[in-house]
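Each chain, written out:
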Amino acid sequence: MSCKRNKKNKMEIKYDANGLVPAIIQDAKTKTVLMLGYMNEEAYLKTNESKKITFFSRSKQRLWTKGEESGNFLHLVSIKNDCDNDTLLISVNPQGPTCHKGTDNCWGEENDQSFGFLTKLEDTIAERKANQDNEKSYVADLFRKGINKIAQKVGEEAVEVVIEAKDNDDNLFLNESADLLFHYLILLKAKGFGLKDIEQVLIDRKK
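Along each chain, residues carry numbers from 1 onward, in the same order as the chain's sequence is written. Reporting of local features is limited, given that this is a predicted model, to residues whose pLDDT is at least 70; pairs of side-chain atoms are given and counted only at 80 or more, and all residues count toward the totals for whole chains, interfaces and linings. Calculated side-chain values reflect all of the structure's heavy atoms, with hydrogen atoms and water omitted.

Peer 1: Help me out: how do you make sense of helix α1 (residues 41-50) in this one?
Peer 2: Residues lying three or four places apart along an α-helix face the same way, a consequence of the helix completing one turn every 3.6 residues. Listed in full, the buried residues belonging to α1 are A43, Y44 and T47. One face of α1 carries all of its buried residues, which in axial projection span an arc of 100 degrees. Within α1, the exposed residues directed more than 90 degrees away from the buried face are E42 and E49. Only DSSP runs of H or I reaching four residues or more are called helices, and only runs of E reaching two or more are called strands; each is numbered from the N terminus. Backbone geometry just downstream of α1 places K51 in the positive-phi region, at approximately 65 degrees. Note on exposure labels: buried denotes an accessible area under 20% of the residue type's maximum, exposed denotes more than 50%, and partly exposed covers the range between, all computed with a 1.4 Å probe on protein chains only. By arc we mean the arc of the directions from the helix axis to the C-beta atoms, nothing more.

Peer 1: In this structure, what is going on with the sheet that holds strand β1 (residues 21-27)? I would like to understand it.
Peer 2: Strand pairing in a sheet relies on backbone hydrogen bonds, with the paired strands running either antiparallel or parallel. The strand order across the open sheet formed by four strands is β2-β1-β6-β5, and the pairing between neighbours is mixed. The sheet terminates laterally at β2 (33-39) and β5 (74-81), the two strands that pair on one side only. Mean inter-strand twist for the sheet, computed between neighbouring axes without regard to direction, equals 30 degrees. Only strands joined by at least two bridges in the DSSP assignment are considered to pair. Of the strand pairs in this sheet, β5 and strand β6 (residues 88-94) are connected by seven bridges, and their pairing is antiparallel. Axes here mean lines fitted to C-alpha atoms, for a helix over just the part in contact, with angles spanning 0 to 180 degrees between N-to-C directions.

Peer 1: Hey, could you run me through the pattern of salt bridges in this one?
Peer 2: Note on pairing: side chains with opposite charge can pair once their charged atoms come close. We count a salt bridge whenever a side-chain nitrogen from Lys or Arg sits within 4 Å of a carboxyl oxygen from Asp or Glu. On inspection of all chains with the given rule, the structure shows six salt bridges. When the shortest N-O distance is used, the salt bridge between D141 and R144 registers 3.1 Å. Within this pair, D141 and its partner R144 are both found in helix α3 (residues 138-145), separated by three residues, close to a single helical turn. The class for D141 is partly exposed, based on a relative accessible area of 22%.

Peer 1: Help me understand the packing of helix α4 (residues 147-165) against helix α5 (residues 170-190), please; the structure alone is not making it clear to me.
Peer 2: Any two packed helices are characterised by the angle at which their axes cross and by the distance between the axes. At a minimum axis separation of 8 Å, α4 and α5 run at an interaxial angle of 155 degrees. Our classification of the angle between α4 and α5 gives roughly antiparallel. The handedness of the crossing between α4 and α5 comes out as left-handed. Contacts from I147, I150, A151, K153, V154, E157, A158, E160, V161, E164 and A165 of α4 reach α5 at L172, F173, E176, S177, D179, L180, H183, Y184, I186, L187 and A190. The labels follow the angle: roughly parallel below 35 degrees, roughly antiparallel above 145, roughly perpendicular from 65 to 115, and oblique for the rest. With the far helix as reference, a near helix turned anticlockwise by less than a right angle produces a left-handed crossing, and one turned clockwise produces a right-handed crossing. Any two residues whose heavy atoms approach within 4.5 Å are treated as being in contact.

Peer 1: Any chance you could explain the side chain of T47 here in plain terms?
Peer 2: Within the secondary structure, T47 is located in helix α1. Assessed through its relative accessible area of 0%, T47 is described here as buried. Any N or O atom pair separated by 3.5 Å or less is treated as a polar contact, with the protein-specific requirement of one donor-capable and one acceptor-capable atom, and with residues adjacent in sequence counted only for side-chain atom pairs. Within the structure, T47 has its side chain in polar contact with the backbone oxygen of A43 (distance 2.9 Å). Those residues in contact with T47, other than ones at most four positions away along the chain, are M39, K52, I53, T54, L76 and I79.

Rendered as structure tokens:
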């Protein structure tokens, strides 16, 4: 369901009895939720004008721009309203840690890019690289054999993907594709990189 807008294409916001609306702050790149604040209409308008996130402080009973004292500003990327028009989702580019306690977000978590299961797989590969004496680990064995062996495996898996792409067995194609991606992640880690580095290259190319 899309959010309602008035005839002037201005976002409609339903403020509560105190004239406030909750604003969920999310990192535009990592999609990590950084904090929750509240805005009144004045804070909303100032945020749009200054492009720095401004809230209404319920404790101080005044407007406050996040980072006005610490310098850790939240730079506006976009604002979305939910289907009931009573909660804002604001994407930002954070400048420094968001929480006043010095953490990346108000839940004490690091604001790292995540690729879901692939990130967990990268973590496992990193652990195997750090513990190459694990004789039962296939990945650790590859790291022991060195970059040439790892690169060779990537080449072999790439050839298998090409072969299966010309056939009609989707199951084999997907399995060989998974093998290629798996070994490519190992190669990236062996070179000291990860998926986030490849993503950044693609982002830079788009610019």
